[in-house]
Amino acid sequence: MARSLSRKKYNRACRSIVGGVNSPVRAFKAVKTAPLVVKKADKAYLYDVDGNKYIDYLMSWGALITGHKYPAVIRAIKKAADKGTSYGLSSEPECELAELIKKAFPSIELLRLVNSGTEAVMSAIRLARGYTGRNKIIKFEGCYHGHSDGLLVKAGSGVATLSIPDTAGVPASIAAETLIAPYNNIEAVKRLAEKFGKDTACIIVEPIAANMGVVLPDKNFLRGLREIADQIGVVLIFDEVITGFRVALGGAQEIYNIKPDLTILGKIIGGGLPIGAFGGKRKIMQFLAPMGPVYQAGTLSGNPLAASAGIAVLKYLIKSNPYPELDKKTCKLVSGLGSVFEAAAIDVQINQIGSMFTIFFSCNPVSDYTSAKLSDTLKYADFFRRMLNSGVLLPPSQFETGFLSIAHTSQNVRKTIEAVKTFAK
Ligand SMILES: *Cc1c(COP(=O)(O)O)cnc(C)c1O
């Protein structure tokens, strides 16, 4: 498959945009190939500037559960645009979106809309600190919560060790406020709680991890976090930017029946336009300005185009309940892929829930960041490139999640399995 135009356009972008991309993973560094430059997309397909067509399992990193260019979403955006693109004042769509979110998430009594998941997390952390009067946060290795300073931190050696920053530009003093525990390790959280409980504002977690590839929570992990949070009086935050409206209408908290104090949303709730949201218990949320002392604001927050797109998606999801069908389709895909890999004696672990899946090139079950890291990333890169050349776009890193949408057909699934068969040979 020729991608010379993509290469050319990417090289051009490199002269004006840092690294040619506006988000690092788009540079395809982990899969060692030139990135795609997209021309357009429709339903389950992505078209690059060279005219190649791909079955898209990236779906804008999970934002598009109804597939590309879903008619009701496009109509909603056009209708909203006819009334102007931004007012910087309150409008009706933002309220309707908030009501739809509240209906799906009983744990959310009040919420606020922002412009990205990063912004929502950053604001929720400030709120948790303002509410508790404490500074430290507990997060988990391999969980991603956007790129704000305190959250770009992974474990140093040893569980209770104070962390060092993952990236240049984060002051060590800020990173030191972030405590790290391995995912699915409730004992480690207990130890942190004993030592730092009185200084800790919140525990933040992806209730189903999706940013080290898909990693499911152990049976008692989330319940254990709820108990510890209650014991030491800290705010439990579920980051459901991916899982919200993805694994069920009410996200992972519905599936596992655990109520966090605050929930972070993003991606799906904007129907492919920039958005984020955070919300939860009234007694915490009312600490936020203009009700309370914790400041947070945004010129474009609650933007009528993004809110209208989000409303169209959520209304569809509420009306159609596509989740059983999505799950069935995805199970078909992963069981098909599993058989192909097994027949070819290629060691993989496929983690899946609903329409989310990751193929780890590893012979060890993947239950946390350490086990995810045992995967053969070179093999994944080779797999990614061959699949791309067969017209199948997978996540451009071993440590990301693949997504299906309602637009993916059984024929897409069959074609994908055929492509993997060719790879396995
Ligand atoms: C994508 C993501 C974010 C960040 O959202 P952005 O809109 O990219 O800032 C935060 N948390 C999780 C779990 C995510 O997957």
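Since we're looking at a predicted model, the values are computed, not measured.

The rules behind these values
- Residues numbered from 1 in each chain as written.
- Predicted model: local features only at pLDDT ≥ 70, side-chain atom pairs only at ≥ 80, totals over all residues.
- Heavy atoms only, no water.
- Domains from an automatic or database assignment.
- Contact = heavy atoms within 4.5 Å.
- Buried area = accessible area lost by both parts, 1.4 Å probe.
- Salt bridge = Lys/Arg side-chain N within 4 Å of Asp/Glu carboxyl O.
- Polar contact = N/O pair within 3.5 Å; in protein donor to acceptor, adjacent residues only side chain to side chain.
- Helix = DSSP H or I, 4+ residues; strand = E, 2+ residues; numbered from the N terminus.
- Nonpolar A, V, L, I, M, F, W, Y, C, P; charged D, E, K, R; others polar.
- Core = buried A, V, L, I, M, F, W, Y, C linked by side-chain atoms within 4.5 Å.
- Buried < 20%, exposed > 50% of the residue type's maximum accessible area, 1.4 Å probe, protein only.
- Pairing = 2+ DSSP bridges.
- Axes fitted to C-alpha atoms, helices over the stretch in contact; angles between N-to-C directions.
- Expected span 1.5 Å × (residues − 1).
- Arc of directions from axis to C-beta.
- Near = heavy atom within 4 Å.

Peer 1: Could you clarify how one ought to interpret the domain arrangement of the protein chain in this entry?
Peer 2: Where interface size is quoted, it is often the accessible area lost as the parts come together. Along its sequence, the protein chain is carved into domain 1 (4-65 + 322-424) and domain 2 (71-320). Centre-to-centre separation of domain 1 and domain 2, based on C-alpha positions: 25 Å. Each side of the interface is counted separately: domain 1 has 28 residues, and domain 2 has 30 residues. Counting each side, the surface lost to burial between domain 1 and domain 2 is near 2300 Å², with a carbon and sulfur contribution of 64%. Joining domain 1 to domain 2, the criterion identifies zero salt bridges. Inspection of the domain 1/domain 2 interface yields nine residue pairs in polar contact (both at pLDDT 80 or more). Where the side of domain 1 that touches domain 2 is concerned, the elements lending two or more residues are helix H2 (59-62), strand S13 (349-353), strand S14 (356-360) and helix H13 (369-372). Of the residues forming the side of domain 1 that touches domain 2, the biggest block, four residues, is contributed by S14. For the side of domain 1 that touches domain 2, the class distribution of residues is 17 nonpolar, nine polar and two charged.

Peer 1: What am I meant to see in the nonpolar core here?
Peer 2: Proteins that are soluble and globular tend to have nonpolar side chains buried together. The biggest cluster of nonpolar side chains holds 34 residues, and the ones touching the most others in it are Phe341, Phe361, Phe383, Leu393 and Leu394. Those elements giving two or more residues to this core turn out to be strand S3 (53-56), helix H12 (323-343), S14, helix H14 (377-389), strand S15 (392-393) and helix H15 (410-424). The element contributing the most residues to this core is H14, with six residues. Setting aside residues no more than four positions away along its own chain, Phe341 makes contact with Ile346, Val348, Ile359, Phe361, Phe383, Val420 and Phe423. Of all hydrophobic cores here, the second largest spans 32 residues; its members include Tyr183, Ile203, Met212 and Ala229.

Peer 1: Please clarify how the environment of Lys43 should be interpreted in this entry.
Peer 2: On the secondary structure map, Lys43 appears in the loop between strand S1 (38-42) and strand S2 (45-48). Note: C-alpha distance between Lys43 and His408 (365 residues apart in sequence) is 7.4 Å. Each residue touching Lys43, except ones within four places of it in the same chain, is listed here: Met59, Gly67, His68 and Ala407.

Peer 1: Explanation requested: the sheet that holds S13 in the structure shown.
Peer 2: What holds strands together in a sheet is hydrogen bonding between their backbones, with the strands either parallel or antiparallel. Taken together, three strands build an open sheet; the order of strands is S13-S14-S16 and the sheet is antiparallel. Both outer strands of the open sheet, S13 and strand S16 (402-403), are each paired with one neighbouring strand and no more. In terms of strand pairing, S14 meets S16 through two bridges, oriented antiparallel. Bridging from a neighbouring strand, Phe357 pairs with Gly402 of S16. Across the face of the sheet, H12 comes into contact with S13 and S14 while running at roughly 175° to S13.

Peer 1: How should H12 be read in this particular structure?
Peer 2: Within an α-helix, residues lying three or four positions from one another point in the same direction, as the helix has 3.6 residues per turn. Taking 1.5 Å per residue as the helical rise, H12 with its 21 residues ought to reach 30 Å, and the 30 Å between its terminal C-alpha atoms agrees with that figure. Among the residues of H12, those classed as buried are Tyr323, Leu326, Lys329, Thr330, Leu333, Val334, Gly336, Leu337, Val340 and Phe341. For H12, the buried positions fall inside an angular range of 170° around the axis, keeping them on one side. Turned more than 90 degrees off the buried face of H12, the exposed positions are Pro324, Lys328, Lys332, Glu342 and Ala343. Buried residues in H12 make contact with helix H11 (304-320), S13, S14, H14 and H15. At the C-terminal side of H12, Ala345 shows a positive phi close to 55°.

Peer 1: It is not clear to me how the site of the ligand should be interpreted in this structure. Could you clarify?
Peer 2: Near the ligand, the surroundings consist of Ser116, Gly117, Thr118, Tyr144, His145, Gly146, Glu206, Asn211, Asp239, Val241, Ile242 and Lys267. Interatomic distance of 3.2 Å between a side-chain N/O atom of Asn211 and an oxygen atom of the ligand. Residue Asp239 places a side-chain N or O atom 2.7 Å away from a nitrogen atom belonging to the ligand. Looking at side-chain class alone, the shell around the ligand contains three nonpolar, six polar and three charged residues.

Peer 1: What am I meant to see in unusual backbone geometry here?
Peer 2: Leaving glycine aside, a negative phi is the common case for residues, and trans is the common case for peptide bonds. The step from Ala289 to Pro290 runs through a cis peptide bond, and the omega angle for that step is 10°. Within the secondary structure, Pro290 is located in the loop between helix H10 (282-285) and H11. With phi around 40°, Lys267 is a residue other than glycine that occupies positive phi space. On the secondary structure map, Lys267 appears in the loop between strand S11 (262-266) and strand S12 (276-280). Phi angles above zero are rare outside glycine, and Asn321 is one such case at about 40°. Position of Asn321 among the secondary structure elements: in the loop between H11 and H12. Exposure remark for Asn321: the relative accessible area of 45% places this residue in the partly exposed category.

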